[in-house]
Amino acid sequence: MILQALKEYYDRKAADPNSGIAPLGWEWKEIPYLIVLREDGTVVRVEDTQDYVSGKKYSKLFLVPQEVKRSGKNFSPNILWDKAEYVLGVSDEPTKDTRKKHENFIDSLIKYVDIPDVKVVVSFLKRAEALSQLKNSPSWPVLKNGSSRVSFRIEGRDQPVFRTEQFVCRYNELLEPKKSIRGICSVDGKIDFIPNTHPKIMGVLGTDKGRGDIVSFNWKAACSFGKEQNYNASIGYQSAFAYTTALNTLLGKDSRQKIQVGDATTVFWSEKPTELEDEFIDLFGEPEKDDPDKGVAAVGRLLASVKTGSFSHEDETTCFYVLGLAPNAKVRIAVRFWHKGTVAEMERRFADWFENLQIVRGPKDKEHLSLQTLLLSIARYNKDRQKWKDNIPPNLAGAVMRSILEGTPYPATLLSSAILRIKAEHEVTYPRAKLIKAFLNHNLNKERKLTVSLDKENTNVGYRLGRLFAVLEKTQIAAINPDKTIREKFYASASTSPVAVFGNLMRLSGYHLSKLDSDKKGLRIWLEKQIEEIMSGIGNFPPHLSLEEQGMFAIGYYHQRISRKADENAENTSSSESL
């Protein structure tokens, strides 16, 4: 199903002449250096294709013959382009292997040597003084270490040698997978060559050198009927190229169809062009620096379309796909999650997620947060007191994304992780409050759901106790402004075992209220009213709060703290007028 959907995406893109997706046997690669040659095989110069974009250095992309798959002592060269170690036979520490790589590169061109431009390249490579012609180039210090990609262009030509018409025609004629047999492709059902290996998948974070395989058979236990490697998969050459090219396009460096969810590099696409395909990254990805409010606008449009039901007929039938990939054993890639649904179905589920996330915020808090940022808020600190995506439990990130996609209850570990971080760090932050509210509203199906802002009519004991704790903390700060408030000392125990803590806190609040002098009389009256109003719905302090009630406690505390300034100002004004 995954490979079929990817092949269909490739076919869709290939049918669009403006998509730029690579045709069979080709791929897009950055080539930083082109050696410009005269027709007699002598060097004109080394052309540096690199340029700065937004402060970062990028090499020019070229459509090159597809990269070969090599490992160990397999020194198969790429056709007409490769690392300088292969192309020029140079390295910081040259060995016999370096010489062998260079010889293999020259040998790979023999079948094309009757093409004039290729003949010029071979003439240059076989010259004894070839390297000496390059040593005066400003690029030579970089080239000589052997790791930079290099290719060739003939003076007077607009394109590198590998894009000349004669070479392209010959290369396409000779396309045929090596070491392959013919069989029925399990993806499209057609008879094709069955290659023993597939092209590498590039761009999955955490894989060895950023590349890996999602279809591979590297040990005997995985093989059957005496078959080796990918002969066990029975995937045709054209289908293998299509699914890997489609996936590499989605995973591309500048792709707007991928986001990071914990350790899962997540890609998404639809059966045909849709608005959701364009806006998914704005909904769940990091906000753009040039347009930080783009995500807010995308969420607004999503919620509006769901509320009004303004879906087109195609939205109800067009398929939408989300694929999460994570590293596994360095060179292999695991599927963390995979979901197929209609565009309308996905939009309704995404709208439910964002609607449940909505909560009042402080003046410095951003309205829209990416899924990665939300999950980072419940990750532990590393030794440098920094939060990093590697600290997000991988199973949690995948489970949350899967629940959003499928519309199922969010994992209980989402709530427990948020509460654990609050107790450990003594802070109910905006992103944590968003996650807890989303969990409680989505999972518990209460008759009275949590509101965006303070709900004075909510009689849930956990919510009321959270509100009370916030008011008692404010009372302490107003009276004595301590270095550490009751939040640092008692939040964990108050939200877990209220009866053990709140008796003492209430007695302490009486002392704090008595410390407020005549200058703060209005504030004292406001605080007393707040305590009285909240206590009227509590009764006896419970001995224990469940995990869900601890979540309610956190939201009650957050609501009370975030909304109290407006209330304080109103109360202070009315108290002053009455005095």
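Since the structure is predicted, the reported quantities are computational estimates derived from the model, not experimental observations. (Residues numbered from 1 in each chain as written. Predicted model: local features only at pLDDT ≥ 70, side-chain atom pairs only at ≥ 80, totals over all residues. Heavy atoms only, no water.)

Turning next to the sheet that holds strand S8 (residues 149-154). Spatially, four strands are ordered S3-S2-S8-S7 in an open sheet, and the strand pairing comes out mixed. A single partner strand is all that each edge strand has here, and the edge strands are strand S3 (43-48) and strand S7 (81-83). Taken pair by pair, the neighbouring strands of this sheet meet at an average axis angle of 30°, ignoring direction. Across three bridges, the pairing between S7 and S8 is antiparallel. Looking across to S8, one finds that Trp81 is bridged to Ser151. Most of the contacts of helix H4 (residues 116-125) go to S8, to which it runs at about 120°, and overall it touches strand S2 (33-37), S3 and S8. (Pairing = 2+ DSSP bridges. Helix = DSSP H or I, 4+ residues; strand = E, 2+ residues; numbered from the N terminus. Axes fitted to C-alpha atoms, helices over the stretch in contact; angles between N-to-C directions. Contact = heavy atoms within 4.5 Å.)

Across the five residues that make up S2, a large majority, five, are buried. Where burial is concerned, the two faces of S2 agree: the one with Tyr33, Ile35 and Leu37 and the one with Leu34 and Val36 are both buried. The turn linking S2 back onto S3 is made up of five residues, and Gly41 within it adopts a positive phi angle of 90°. By the bridge criterion, five bridges tie S2 to S8 in an arrangement that is parallel. Counted as the bridge partner of Leu34 is Ser151 from S8. (Buried < 20%, exposed > 50% of the residue type's maximum accessible area, 1.4 Å probe, protein only.)

Take the confidence of the model for the chain next. Regions with low pLDDT carry predicted coordinates that are not meant to be interpreted in detail. Of all residues in the chain, 95% have pLDDT values of 70 or greater, and the mean over the chain is 89. By mean pLDDT, the top-scoring element of the chain is S8 (97), and the lowest-scoring one is helix H20 (residues 547-578) (72). For residues 570-579, every residue scores under 50 in pLDDT, and the model assigns this stretch six contacts once sequence neighbours within four places are set aside. (pLDDT = per-residue confidence, 0-100.)

We now examine the sheet that holds strand S13 (residues 258-261). Spatially, S13-S14-S15-S16 is the arrangement adopted by the four strands of the open sheet, whose pairing is antiparallel. The two strands at the open ends of the sheet, each matched to only one other strand, are S13 and strand S16 (332-342). For this sheet the average axis-to-axis angle between neighbouring strands, irrespective of direction, equals 25°. Helix-sheet contacts for helix H1 (residues 2-14) involve strand S14 (264-270), strand S15 (319-328) and S16, and the interaxial angle to S14 is about 55°. Sitting on the sheet, helix H7 (residues 237-250) is in contact with S13, S14 and S15, with an inclination near 110° to S14.

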